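Observations on the model geometry
This is what each chain is made of:
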Amino acid sequence: MGNEQIKKITSSHWGAFEAIIENGKLISTKPFEEDLNPNDISKFIPNAVYHETRVKLPHIRKGWLRNKETRNKNLRGDDEFQEVPWDEAIEIAAEEISRVKEKFGNQSIYGGSYGWSSAGKFHHAQTQLQRFLNSIGGFVGAFGSYSTAAAQVIIPHILGINFLNLIFNFQNTWPTIEENTKNILMFGGINPNNSKVSMGGSTRHENDLWFKKFLNKGINLINISPQKADAPDGANWLSIIPGTDTAFMLGLAFELETNNLLDRAFLKKYTVGYEKFKMYLLGENDSKPKNAEWAEKICGVSADQIKSIARKISKERTLITVAWSLQRAQNGEQPYWMATTLAAMLGQIGLPGGGIGFGYGAIGGVGIPIKNFGGLSLPKGKNNVSDFIPVARIADMLNKPNTSYEFNGEERIYPDIKLIYWCGGNPFHHHQDLNTLHQAWKNPDTVIVNEPWWTATAQRADIVFPSTTSYEREDIGKANGGDNYIFYMPKLIDPVGKSKDDYQIFSELSKKLGAYNEFTEDKTAGEWINKLYNEFRSFLNSSDVDCPSLDELKDKNWFKLPTVGKEFAAKPFVDFRKSPEQNKLQTVSGKIEIFSEKIESFGYEECPGHPIWVEPDEWLGSPKNTEYPFHIVSPQPNDKLHSQLECAIADVPNERPTPVLININDAKKLKITNGEIIKIFNSRGSCLARSLLTDNIREKVISLPTGAWFETDNHGLEKQGNPNVLTFDKGTSRLGQGPSAHTSLVNIKKID
Ligand SMILES: Nc1nc2c(c(=O)[nH]1)N[C@H]1C(S)=C(S)[C@@H](COP(=O)(O)OP(=O)(O)OC[C@H]3O[C@@H](n4cnc5c(=O)[nH]c(N)nc54)[C@H](O)[C@@H]3O)O[C@H]1N2
Ligand SMILES: Nc1nc2c(c(=O)[nH]1)N[C@H]1C(S)=C(S)[C@@H](COP(=O)(O)OP(=O)(O)OC[C@H]3O[C@@H](n4cnc5c(=O)[nH]c(N)nc54)[C@H](O)[C@@H]3O)O[C@H]1N2
Ligand SMILES: [Mo]
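Rules and cut-offs
Residues numbered from 1 in each chain as written. Chains lettered and ligands numbered in written order. Predicted model: local features only at pLDDT ≥ 70, side-chain atom pairs only at ≥ 80, totals over all residues. Heavy atoms only, no water. 1 Å grid on protein atoms, 1.4 Å probe; cavity = no way out; pocket = protein on both sides within 12 Å on 5 of 7 lines; lining within 4 Å. Points joined across faces, edges and corners; volume = space filled by probe spheres on them. Helix = DSSP H or I, 4+ residues; strand = E, 2+ residues; numbered from the N terminus. Nonpolar A, V, L, I, M, F, W, Y, C, P; charged D, E, K, R; others polar. Domains from an automatic or database assignment. Contact = heavy atoms within 4.5 Å. Buried area = accessible area lost by both parts, 1.4 Å probe. Pairing = 2+ DSSP bridges. Axes fitted to C-alpha atoms, helices over the stretch in contact; angles between N-to-C directions. Near = heavy atom within 4 Å. Polar contact = N/O pair within 3.5 Å; in protein donor to acceptor, adjacent residues only side chain to side chain. Areas by Shrake-Rupley, 256 points an atom, 1.4 Å probe, with all protein chains shown as cover. Phe/Tyr/Trp six-rings, centres within 6.5 Å; stacked < 30°, edge-to-face > 60°. Lys NZ or Arg CZ within 6 Å of the ring centre and 35° of its normal. Buried < 20%, exposed > 50% of the residue type's maximum accessible area, 1.4 Å probe, protein only. Right-handed = clockwise from strand over helix to strand, strands pointing away.

1. Focus: the layout of surface pockets
Taken as a whole, the second largest pocket encloses approximately 1000 Å³ of empty space. Forming the walls of the second largest pocket are 41 residues, and the residues nearest its centre are His124, Gln126, Leu164, Met199 and Asn480. At the level of elements, α4 (125–135), β7 (141–143) and α6 (163–169) are the ones that each hand at least two residues to the lining of the second largest pocket. In terms of residue count, α6 provides more of the lining of the second largest pocket than any other element does, five residues in total. Here the residues of the lining of the second largest pocket sort into 14 nonpolar, 24 polar and three charged.

In structure tokens:
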């Protein structure tokens, strides 16, 4: 055989790329020609795909196999595995699923299976799993995402709109902002690194260009964040104490109110409950006026700065933006509610370039003026189990079956889970307080995981099925929003080891469980892809949008939908502004709810009827601060997506343990120099990290990105630098029950 080289375009969550294949082997990648600002995450793919940490055959945990009665559950995560041929492994897994189903019912199977898996619509791992579980009677699912759980609950109450629909379809777009906005007040910044990725793909990466335009136009960018790099260069950085943005916003609101710098007519016509909120703001009931001096003591930004920002934003078109990170913290509902209240006080909601927006830097696509076409998804079927948990309450669920908890006005009972099936996510990457999860994870009888790699989650399974990666099968790629490229994702290489597509694994399991027809509808993967694509194409054609046939698409592997929807996108708010009676918001009152009777009726003191400042359990002003003097923020990793491709990155010298940003002055006091391996710890756990000194982070705050594979030594010390051994695992509040990762205090020390 000669030296055969093939080049093919394909897609990933972090963007499209050209894959170079030699003699059937993926050897390198190159940026996609239409990408304006390509990142180099894909360069790790070849090493990751053939890495020794690939799962190559089905594996079953020895202790689980040996003792059918107890399943040696306590050994889960510390046991050895045995390779098992495919037929046998499928047989054993099907038998176990069947046993659990018959003995305990489908309500004892957890299939929430949170996680990003890979780009590619048909092979979307979680959809595959959930369709399979539905075909055999259903499963306990999960509500919300680790990204935006608290926002998904609070936003419908106060703005009457689904949060994900809001961010992609109904916020001010970059062109509208460029044209109209004078100030962008960015809580948590608009992070240039985070917009590298988007679920399903992010093709052009144009945010940097927009910010250049904004700076050229002289738009005033204010970054309120513990880290300078949370916003593009050129923004003014106001360093804030993490977890205290609501206090800062209240300080602004107080200034607006007491200097009559607010739009009272707007409040009257378009909102409810301002008067009740105002009593709190002015301190009429608690004798604590929430003025700039009050705010300064909490948030660490000077009262003078707060006052001067209040003046500035009241006089000019201002867009208030809030990063998702602010709601990934205890009481994370409050900054979202308070920022909305502040925007209402400015009276610019529904005006071009004004009002409020969420997550502009969180992922690629937000702000891009592209109409979102749905479609191309494999139907999940019907789930006959109605029970679910808020996604981040998994450790509580496993630890406290049959006990009650509150969520968004409901009293609910945690299900008693006997079998967990995970496909396309890494809970031992994404969940908080991993040492607690590690113990809780031992409670179910059985854990089954489909995974291409031996992640910490695969290592904590009883049955591991090796999945192919998206490079080992064909698919269609399309982003969830803000992107107008469609990709044919060709099969680049043969499956590594004896791995199989998730679809094939579930087809085989469904056959054993008597649900083959229901799951497969008698179609191969290729037939499904044809069907989904042709349906999508007919839908586009019926909307007068040209779309190539699948065969035509396969010629160059991508095409571009026309850019539809260039108009100012905040439509529901524009219409509402025109006529609040005719175009009511879908809230209880039909207006923006600064006071919510409904939320008030839930009786949660941490989340009453209007936004308030609530002290988190852990922050730099709390009593725990004496023992744990540093606040750790654990943002997304800049050089990759979550824990994906980690095996290849960890092989790069000096990459692990993960670098942690420490303020230079703090480091000096502790005699920590640049590049030193240090220990970070609190009562929940400890990990190693590599010091990276900077003055771009607020003193007493450290930043350790997520994404290292969780790996502990015999003493429980995590060695790779995974912040989730340290993070706080409590719901944001009883309202949202979202993850509170950013609410965590730690100490750090030099090690010998
Ligand atoms: N401390 C802290 N923790 C956080 C956050 C934080 O800000 N701070 N952020 C949270 C957020 S917002 C998120 S979204 C989560 C992300 O958490 P996850 O989405 O769970 O993280 P990933 O690493 O993307 O996990 C995807 C897994 O799917 C596997 N996979 C890829 N393709 C396939 C496939 O085709 N089939 C199968 N079966 N598997 C596949 C990958 O190998 C990987 O192990 O993390 C959360 N955790
Ligand atoms: N390169 C890359 N990009 C990604 C991802 C990835 O893995 N890699 N993951 C994607 C996913 S799934 C999501 S959900 C988004 C998440 O997007 P975000 O939630 O916006 O991002 P984070 O990285 O968690 O946090 C951004 C910054 O918020 C700041 N911050 C933390 N707490 C506070 C606070 O209390 N107040 C203020 N003002 N600032 C605070 C921190 O300094 C942190 O750097 O990112 C997406 N983008
Ligand atoms: Mo996320």
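The structure having been displayed, the exposition proceeds.
2. Looking at the domain arrangement of the chain
Looking at the assigned domains, one finds that the chain contains domain 1 (150–371 + 574–602) and domain 2 (623–750). Contacts between domain 1 and domain 2 engage 28 residues on the former and 27 residues on the latter. Together domain 1 and domain 2 conceal approximately 2000 Å² of surface at their shared face, both sides included; 56% is due to carbon and sulfur atoms. Considering only the surface of domain 1 that becomes buried against domain 2, Gln227, Arg328 and Gln330 emerge as the three largest contributors, covering 30% of it.

3. Some words on the sheet that holds strand β21 (residues 485–489)
With antiparallel pairing, three strands are arranged side by side in an open sheet as β20-β21-β22. At either margin of the open sheet sits one strand with a lone partner, and together these are β20 (475–478) and β22 (558–560). Between one strand axis and the next, the sheet turns through 15° on average, direction left out of account. As judged from the four bridges shared by β20 and β21, these two strands associate in the antiparallel manner. Looking at the pairing, Gly477 lines up with Phe487 of β21.

4. Things to note about the site of ligand 1
The local shell around ligand 1 holds 35 residues, among which Ser118, His430, Glu451, Ser643 and Asn724 are the closest. Between ligand 1 and Asn426 there is a distance of 2.8 Å, counted from an oxygen atom to a backbone nitrogen or oxygen. For ligand 1, an oxygen atom lies 3.5 Å from a polar atom in the side chain of His429. Protein chains bury 99% of the 930 Å² of accessible surface belonging to ligand 1 in isolation. Breaking the shell around ligand 1 down by element, the ones donating at least two residues are α16 (427–430) and β18 (446–451). Looking at side-chain class alone, the shell around ligand 1 contains eight nonpolar, 23 polar and four charged residues.

5. Here we look at the packing of aromatic side chains
This structure, assessed with the given rule, holds 41 aromatic pairs. When the ring of Phe81 is compared with that of Trp454, the centres are 5.0 Å apart and the planes differ by 55°; the resulting orientation is tilted. Residue Phe81 is located in strand β5 (residues 81–83), and its partner Trp454 is located in the loop between β18 and α18 (456–459); the two are separated by 373 residues in the primary sequence. Aromatic pair Tyr336 and Phe358: ring centres 4.5 Å apart, planes at 20°, arrangement stacked. Taken together, the residues span a long stretch of sequence, with Tyr336 in helix α14 (residues 333–346) and Phe358 in strand β13 (residues 355–358) at a distance of 22 residues. Taken together, the ring pairs in this structure connect Phe122, Phe132, Tyr421, Tyr503, Phe506, Phe519 and Trp528 into an aromatic cluster. The ring of Trp294 carries Lys290 above its face, with NZ or CZ at 6.0 Å from the centroid. Here Lys523 stacks its cationic end above the ring of Trp528, 5.0 Å away from the centre of that ring.

6. Observations regarding the site of ligand 2
Taken together, 31 residues lie around ligand 2, and Asp230, Gly243, Asp245, Pro637 and Lys640 are the ones closest in. Contact distances for ligand 2 include 3.2 Å between an oxygen atom and a side-chain N or O atom of Gln227. At 2.7 Å, a side-chain N or O of Asp245 approaches a nitrogen atom of ligand 2. Looking at side-chain class alone, the shell around ligand 2 contains 15 nonpolar, 12 polar and four charged residues. For the shell around ligand 2, the two domains that each supply at least three residues are domain 1 (150–371 + 574–602) and domain 2 (623–750).

7. Details of the sheet that holds β18
Taken in spatial order, the six strands make up an open sheet running β5-β4-β19-β18-β17-β6, and their pairing is mixed. The open sheet has two free edges, formed respectively by β5 and β6 (109–110), since each of these has just one partner strand. Bridge analysis of β6 against strand β17 (residues 419–423) gives two bridges, and the strand direction is parallel. Residue pairing in the sheet places Ile109 in a bridge with Leu419 of β17. In the packing of α4 onto the sheet, contacts are made with β6 and β17, and the angle to β17 comes to roughly 145°. Most of the contacts of helix α19 (residues 502–512) go to β17, to which it runs at about 150°, and overall it touches β17, β18 and β19 (463–466).

8. Focus on the pairing of strand β24 (residues 630–633)
Taking every second residue as pointing to the same face, both faces of β24 are buried, with Phe630 and Ile632 on one and His631 and Val633 on the other. Relative to strand β30 (residues 745–750), β24 is paired through two bridges, and the arrangement is antiparallel. Among the inter-strand pairings, His631 is bridged to a residue of β30, identified as Leu745.

9. Section: the pairing of β13
As judged from the four bridges shared by strand β12 (residues 318–322) and β13, these two strands associate in the parallel manner. In the sheet register, Leu319 faces β13, and the bridge partner there is Gly355. A crossover connection joins β12 to the parallel β13 through α14; in handedness this β-α-β unit is right-handed.

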